[in-house]
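Read off the chains here:
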Amino acid sequence: MKRLRRLTARARSAAPLPVMALALLCGLPGAAAAEQEAQAAEGGSPTVLITGSNRGIGLAFAEWYAEQGWNVVATCRRPEQADDLNALAAEHANLSVELLDVTREDHIRDLADRHAGQPIDLLINNAAVLGPLPEQSLGGLDYDRFEQTMAVNVYAPLRLSEALAENVVAAGGKIVAITSGVASLTLMSRMRGMYFYRMSKSALNMGWRALRTDLKPRGVAVLLVSPGQVDTALLRESGYTGEALTTEESVAGMVEIIADATLDDPGLPINVDGRVLPW
Ligand SMILES: NC(=O)c1ccc[n+]([C@@H]2O[C@H](COP(=O)([O-])OP(=O)(O)OC[C@H]3O[C@@H](n4cnc5c(N)ncnc54)[C@H](OP(=O)(O)O)[C@@H]3O)[C@@H](O)[C@H]2O)c1
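Throughout, residues of each chain are indexed from 1 in the direction in which the sequence is written. Totals for whole chains, interfaces and linings use every residue, but because this is a predicted model, local features are given only for residues with pLDDT of at least 70 and side-chain atom pairs only at 80 or more, for both listing and counting. In computing side-chain properties, one takes all heavy atoms of the structure into account and sets aside hydrogens as well as water.

Asks: I tried to follow the pairing of strand 3 (residues 95-99) on my own but got confused; where do I start?
Replies: Along a regular strand, successive side chains alternate from one face of the sheet to the other. Where strand 2 (residues 71-76) meets strand 3, five bridges bridge the pair, whose relative direction is parallel. Paired with Val73 across the two strands is Ser96, which belongs to strand 3. Strands were regarded as paired on the criterion that DSSP finds at least two bridges between them. What counts as a helix is a DSSP run of H or I of at least four residues, what counts as a strand is a run of E of at least two, and both are numbered from the N terminus.

Asks: Would you explain the site of the ligand in this entry?
Replies: In this text, near means that some heavy atom of the residue lies within 4 Å of the molecule or strand in question. Around the ligand sit 29 residues, and of these Asn54, Arg55, Arg77, Tyr197 and Thr232 come closest. Side-chain polar atom of Thr232 to an oxygen atom of the ligand: 2.6 Å apart, as the coordinates give it. Summarising the interface, the protein chains cover 95% of the accessible area of the ligand, which totals 900 Å² for the free molecule. Of all the elements in the fold, those that place two or more residues in the shell around the ligand are helix 4 (56-67), helix 9 (195-215) and helix 10 (233-237). Of all the elements, helix 10 adds the most residues to the shell around the ligand, at three residues. Here a polar contact is recorded for every N or O atom pair within 3.5 Å, except that within protein the pair must consist of a potential hydrogen donor and a potential acceptor, and residues adjacent in sequence are included only if both atoms are side-chain atoms. What sets the accessible areas is the Shrake-Rupley method with a 1.4 Å probe; for residues, cover comes only from the shown protein chains.

Asks: Looking at this structure, I do not really get the confidence of the model for the protein chain. What am I missing?
Replies: Low-pLDDT portions of the prediction should not be read for the details of their coordinates. Counting all residues, the mean pLDDT for the protein chain is 87, and 84% of those residues have values of 70 or more. Counting interchain partners and residues more than four positions distant, the pLDDT-below-50 stretch residues 1-30 has 38 contacts. Residue-level confidence of the predictor is what pLDDT reports, using numbers from 0 through 100. It only takes one pair of heavy atoms within 4.5 Å for two residues to be counted as in contact.

Asks: Can you walk me through the environment of Asp84 in this structure?
Replies: Relative to the elements of secondary structure, Asp84 occurs in helix 5 (residues 83-91). Placed 25 residues apart in sequence, Asp84 and Leu59 show a C-alpha to C-alpha distance of 8.0 Å. The contact partners of Asp84, leaving out residues within four places of it in the chain, are Asn54 and Leu59.

Asks: Quick question: what am I supposed to make of the packing of helix 7 (residues 143-163) against helix 9 here?
Replies: How two helices pack is summed up by the angle between their axes together with the distance between the axes. All axes are obtained by fitting lines to C-alpha atoms, using only the stretch in contact for helices, and the reported angles, taken between N-to-C directions, cover 0 to 180 degrees. The geometry of helix 7 relative to helix 9 is characterised by a closest axis approach of 9 Å and an angle of 20 degrees between their N-to-C directions. If you check the angle between helix 7 and helix 9, you find them roughly parallel. Crossing angle aside, the handedness with which helix 7 passes helix 9 is right-handed. Across from Arg145, Phe146, Thr149, Met150, Asn153, Val154, Pro157, Leu158 and Ser161 in helix 7, the residues of helix 9 making contact are Phe196, Tyr197, Met199, Ser200, Ala203, Leu204, Trp208 and Leu211. Within the contact of helix 7 with helix 9, the residues separate by chemical class into 12 nonpolar, four polar and one charged. Roughly parallel means an angle under 35 degrees; roughly antiparallel means over 145; roughly perpendicular covers 65 to 115; every other angle is labelled oblique. Handedness of a crossing is defined here by the sense of rotation of the near helix relative to the far one, left-handed for an anticlockwise turn of less than a right angle and right-handed for a clockwise turn. Residue classes follow a fixed rule: Ala, Val, Leu, Ile, Met, Phe, Trp, Tyr, Cys and Pro count as nonpolar, while Asp, Glu, Lys and Arg count as charged, and any other residue, Gly among them, counts as polar.

Put into structure tokens, the structure is as follows:
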């Protein structure tokens, strides 16, 4: 069985840690399960749509929700090459793999047409790019690369969320964007460069606050969640060599934050450990 279950089993046998910390790190049955039970009791499993589901954090989200019995629409830009995701789909009849390059307007339109009228309980805007570091360092800033980064990390989540807003309204659901601590002015350290990635995540944060203002009156919770430092290709590309969470650990924390989020939350970026990230 999956690594997630091993983590959960390990958590259950680890006595000294506080229960909340264990639940956060290891996804013990909690609010997420209770929420899903309530929704199932009202008729049918909830639906989640995830971008960039073929690897990294997106793949772990897809696995977690599939294991919990959600209907998972796992999107990616090259389904024919998404071996891990296709293997997951083969194990879970409740997971479908669908084409979505988030920068392609026609892909977004086709996806919205295919799902027209279907309630979506949770939309997770996960796909993003870091981009090559030399091209986003002072003296070598490449503005074509900046545009590409903004297209994936900022324009795409907004465009997709706008296209699927009625689906989420129909479910009284939630729209999540995955942000990053490197977007924070307060936490801005002496770490240099990464202009485009940092600026894209800061812009995403502000866009999400604006989206929240529009969609809260329509019953949709709009939230920003940061995964912490997670062992993925993106983190390795950044040159970071310190400690990192596994994708399963990060997702186990984020799904609890997402499940607990309410319409009245202030919409600030929440880190995987539950802390509010300062602007
Ligand atoms: N890892 C960390 O420490 C960390 C920290 C803070 C925030 N985050 C955020 O967490 C999220 C997931 O990142 P990750 O760490 O899992 O990175 P990753 O392993 O590099 O995965 C990125 C995902 O985004 C997809 N993607 C990129 N461009 C796309 C496009 N145009 N259309 C559709 N999908 C596209 C990739 O698909 P392809 O395989 O087709 O390229 C891949 O599935 C991102 O929003 C990232 O900014 C990560």
